[in-house]
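Structural characterization, general
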Amino acid sequence: MKSFEHENFEIRHAQSLADYLFLRTLRNRVRHNMTNDTASINYIQQMRFYFRKPANVDVYLACVGTRRVGYLLLRREGPSTLITEAVDEPYRGSGIATRMVQYAQRLYADLTAEILVGNAASIRLHKTAGFTLEGARGNVQTFRYTRRAVD
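Bear in mind that the values here come from a model prediction, so they are computed numbers and not experimental data.

Some points on the overall build of the protein chain
When you go through the protein chain residue by residue, the secondary structure sums to four helices and seven strands. Its helices and strands taken in sequence order, the protein chain reads β-α-α-β-β-β-α-β-α-β-β from the N to the C terminus. Computed over the C-alpha atoms, the radius of gyration of the protein chain is 15 Å, within 12% of the 15 Å expected from 2.2 N^0.38 for a compact globule of 151 residues. Expressed as a percentage of its 151 residues, the buried residues of the protein chain come to 42%. Of the contacts formed within the protein chain by residues at least 6 apart in sequence, a portion of 59% connects residues at least 24 apart.

Pasting the structure below:
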């Protein structure tokens, strides 16, 4: 685990082709933890996504200094927004995933995370962030976060 306490940390929209190629690389590294399409994404597929990203999808990058270290993908579907996040291995355990989830919670009042039953780190992350188990289908558990109205 790398420490980044003294470096600039930011979460920003993915904008450039280089950002989307990082997304492809990291997504392919963690695809075994995905709940839907676990196939490897090739360059042509990623280029299509870059040029034709659906309007209901927002992609953010977590950066430490000038290094891209994680991504946050938010897909609005009906009343909830599906959240997917991944952190590059050297930065796992340093709080980056927590900060990305908190960022998403500030943007959206209703989030849904689909997590593989065996992905203990992701389950722990989402439970700690206030997500509750909503249901399970096969080896996928659905966790939901709903921001409470402030009195």
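And the narrative resumes.
Points about the packing of helix α1 (residues 17-29) against helix α2 (residues 43-51)
Their axes nearest at 10 Å, the elements α1 and α2 cross at an angle of 130 degrees. With respect to α2, the element α1 is oriented oblique. The hand of the α1/α2 crossing is right-handed. Facing L17, Y20, L21, L23 and R24 of α1, the residues of α2 in contact are Y43, Q46, M47, F49 and Y50. When the residues that make up the contact of α1 with α2 are grouped by side-chain class, the tally is eight nonpolar, one polar and one charged.

Digging into helix α4 (residues 120-128)
For the α-helix, the turn length of 3.6 residues means that residues three or four positions removed from each other point alike. When we look at burial in α4, the residues that qualify are S122, I123, L125 and H126. For α4, the angular spread of the buried residues around the axis is 160 degrees, confining them to a single face. Looking at α4, the residues exposed on the side facing more than 90 degrees away from the buried face are R124, K127 and T128. Buried-residue contacts for α4 involve β4 (80-87), α3 (96-107), β5 (110-116) and β7 (140-146). Looking one or two residues beyond α4, the residue adopting positive phi is G130, at roughly 100 degrees.

Here we look at the side chain of Q105
Residue placement: Q105 occurs in helix α3. A polar contact of 2.7 Å, which involves the side chain of Q105, links it to the backbone oxygen of A129. With near-sequence residues (within four places) excluded, Q105 lies in contact with L111, A129, F131, Y145 and R147.

Here's the deal with the packing of aromatic side chains
Evaluation of the coordinates by the stated rule reveals five aromatic pairs. Relative to Y145, the ring of F131 has its centre 5.7 Å away and its plane inclined at 40 degrees; by these criteria the two rings are tilted. Remark: Y145 occurs in strand β7 and F131 occurs in the loop between α4 and β6 (132-137); sequence separation between them is 14 residues. Among the aromatic residues, ring-to-ring pairing joins Y20, F49, Y50 and F51 into one connected group.

Comments concerning the nonpolar core
One finds L72, L74, I83, I96, M100, L111 and F131 to be the most contacted residues of the largest nonpolar core, which totals 25 residues. With five residues, the top contributor of residues to this core is α3. Excluding residues that lie within four positions of it along the chain, M100 makes contacts with I11, A62, G70, Y71, L72, E85, A86 and V87. Residues L23, M34, V59 and Y71 belong to the second largest nonpolar core, which totals 14 residues.

What counts, and at which threshold
- Residues numbered from 1 in each chain as written.
- Predicted model: local features only at pLDDT ≥ 70, side-chain atom pairs only at ≥ 80, totals over all residues.
- Heavy atoms only, no water.
- Helix = DSSP H or I, 4+ residues; strand = E, 2+ residues; numbered from the N terminus.
- Rg over C-alpha atoms; globule rule 2.2 N^0.38 Å.
- Buried < 20%, exposed > 50% of the residue type's maximum accessible area, 1.4 Å probe, protein only.
- Contact = heavy atoms within 4.5 Å.
- Axes fitted to C-alpha atoms, helices over the stretch in contact; angles between N-to-C directions.
- Parallel < 35°, antiparallel > 145°, perpendicular 65-115°, else oblique.
- Left-handed = near helix turned anticlockwise from the far one by under 90°.
- Nonpolar A, V, L, I, M, F, W, Y, C, P; charged D, E, K, R; others polar.
- Arc of directions from axis to C-beta.
- Polar contact = N/O pair within 3.5 Å; in protein donor to acceptor, adjacent residues only side chain to side chain.
- Phe/Tyr/Trp six-rings, centres within 6.5 Å; stacked < 30°, edge-to-face > 60°.
- Core = buried A, V, L, I, M, F, W, Y, C linked by side-chain atoms within 4.5 Å.

In short, shape yes, function no, at least from these values alone.
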